[in-house]
Amino acid sequence: MSEQGHVVLITGGSRGIGRATAELAASRGWKVGINYQRDAGAAGEAVATIQRAGGQALAIQGDVAIEGDVIGMFDRLAEAFGPVTALVNNAGIVAPASLLADMDVSRMRRVFDTNILGAYLSAREAARRLSTDRGGPGGAIVNVSSIASRIGSANEYVDYAGSKGAVDTLTLGLAQELAGRGVRVNCVRPGIIDTEIHASGGQPDRAWQRAGVIPLQRPGQASEVAAAIVWLLSDEASYTTGAILDVAGGR
Ligand code: NDP
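Rules behind the numbers
- Residues numbered from 1 in each chain as written.
- Predicted model: local features only at pLDDT ≥ 70, side-chain atom pairs only at ≥ 80, totals over all residues.
- UniProt positions renumbered as here; feature names shortened; annotations may be inferred.
- Helix = DSSP H or I, 4+ residues; strand = E, 2+ residues; numbered from the N terminus.
- Contact = placed C-beta atoms within 7 Å.
- Axes fitted to C-alpha atoms, helices over the stretch in contact; angles between N-to-C directions.
- Parallel < 35°, antiparallel > 145°, perpendicular 65-115°, else oblique.
- Left-handed = near helix turned anticlockwise from the far one by under 90°.
- Nonpolar A, V, L, I, M, F, W, Y, C, P; charged D, E, K, R; others polar.
- Near = placed C-beta within 6 Å.
- Buried ≥ 20, exposed ≤ 12 C-beta atoms within 10 Å, placed from the backbone.
- Pairing = 2+ DSSP bridges.
- Right-handed = clockwise from strand over helix to strand, strands pointing away.

Within an unreviewed UniProt entry, the label attached to the protein chain reads SDR family oxidoreductase, and the organism entered is Luteibacter yeojuensis. Quoted straight from UniProt, the Sequence similarities (unreviewed entry) entry for the protein chain says "Belongs to the short-chain dehydrogenases/reductases (SDR) family."

A. Molecular detail of the environment of Arg 189. Mapped onto the secondary structure, Arg 189 falls in strand β6 (residues 183–190). Between the C-alpha atom of Arg 189 and that of Val 247, which follows or precedes it by 58 residues, the distance is 5.8 Å. Ignoring any residue separated from it by four or fewer positions in sequence, one finds Arg 189 in contact with Ser 145, Ser 146, Ile 147, Ser 149, Ile 244, Leu 245, Asp 246, Val 247 and Ala 248.

B. The arrangement of the packing of helix α1 (residues 16–27) against helix α9 (residues 222–233) in detail. The contact between α1 and α9 brings their axes to 8 Å, and the two run at 55°. Taken together, the axis directions place α1 and α9 in an arrangement best described as oblique. Considering the relative orientation of α1 and α9, their crossing is right-handed. Seen from α1, the contacting residues are Gly 16, Ile 17, Ala 20, Thr 21, Leu 24 and Ala 25; seen from α9, they are Ala 222, Ser 223, Val 225, Ala 226, Ala 227, Ile 229 and Val 230. Taken together, the residues of the contact of α1 with α9 break down into ten nonpolar, three polar and no charged.

C. The site of the ligand, seen in detail. As a structural note, the neighbourhood of the ligand is formed by 31 residues, with Gly 12, Gly 16, Gly 92, Thr 195 and Ile 197 the closest of them. For the shell around the ligand, the secondary-structure elements that each account for two or more residues are α1, β2 (31–36), α4 (105–130) and α7 (197–200). Considering each element in turn, the shell around the ligand owes the most residues, three residues, to α1. Of the residues in the shell around the ligand, the class split is twelve nonpolar, 14 polar and five charged.

D. Local environment of the pairing of strand β4 (residues 86–89). Of the two faces of β4, the one lined by Ala 86 and Val 88 and the one lined by Leu 87 and Asn 89 are each fully buried. The pairing of strand β1 (residues 7–10) with β4 spans three bridges and is parallel. Residue pairing across strands places Leu 9 opposite Leu 87, the latter belonging to β4. Summarising the sheet, β4 and strand β5 (residues 139–144) pair through four bridges and their orientation is parallel. Residue Ala 86 lies in a different strand from β5, and its bridge partner there is Ala 140. For the handedness criterion, the β-α-β arrangement of β4, α4 and β5 is classed as right-handed.

As structure tokens, this is what we get:
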């Protein structure tokens, strides 16, 4: 399959890393589905920015943790632009920093539902639709994990870190399942990236304080993660599958 034909669904594409990925993908001529959960205004702005630059994009509301919503997102994108050929499994949340001993179950469920169940549901739908042995066009999936999966995020977000560990493992298994079915599956693990997710974590300053332990001595920009994601989706990465690429300033 030529990347010229990419019709790419980006979960959580309305802000941060997802939005930067949407803009870069659209600049390559790919047709982009921008999924969001709550903020229709942000998704609309992302679509308008792409359209002003001559690209094609569609905002698609849906919660990645709800099976029917995920199926509906793929349906809507396919109706608008033709069969989906790529997924960026990007939607994710973090809850305020806490010791595990103090975490309540509702918070943990929210994190796991979005970051694990959501990633698995989106990947499952992509596997069903892209696999060549099911009549699909082939294509590529990029999962967005976090270096938290490697470092554990003690004293703050061990639930989030564990959820991203599952995303890494999904990448390894699904890459093997789909390798003979025309679909490459890879993963990026961002470090500290300058997006609004740190505000939703409740303690925006803490992430920046840790910037001192980043060998490149600064937080990353969403566009720097987007570049890795778009490369992994592109034909330039045609021999790369099952890879987990840290985009973390050397951390
Ligand atoms: P942002 O908080 O900036 O954006 C999150 C996006 O996800 C929004 O578009 C939001 O939509 C959407 N979203 C949240 N929950 C759902 C849901 N249940 N269903 C559908 N969409 C949802 O996040 P980032 O860009 O910072 O993060 C993107 C990914 O990168 C995440 O998986 C995150 O874990 C990962 N990451 C980020 C790092 C960072 O430092 N920024 C570091 C490591 C990993 P809406 O606004 O409508 O709710």
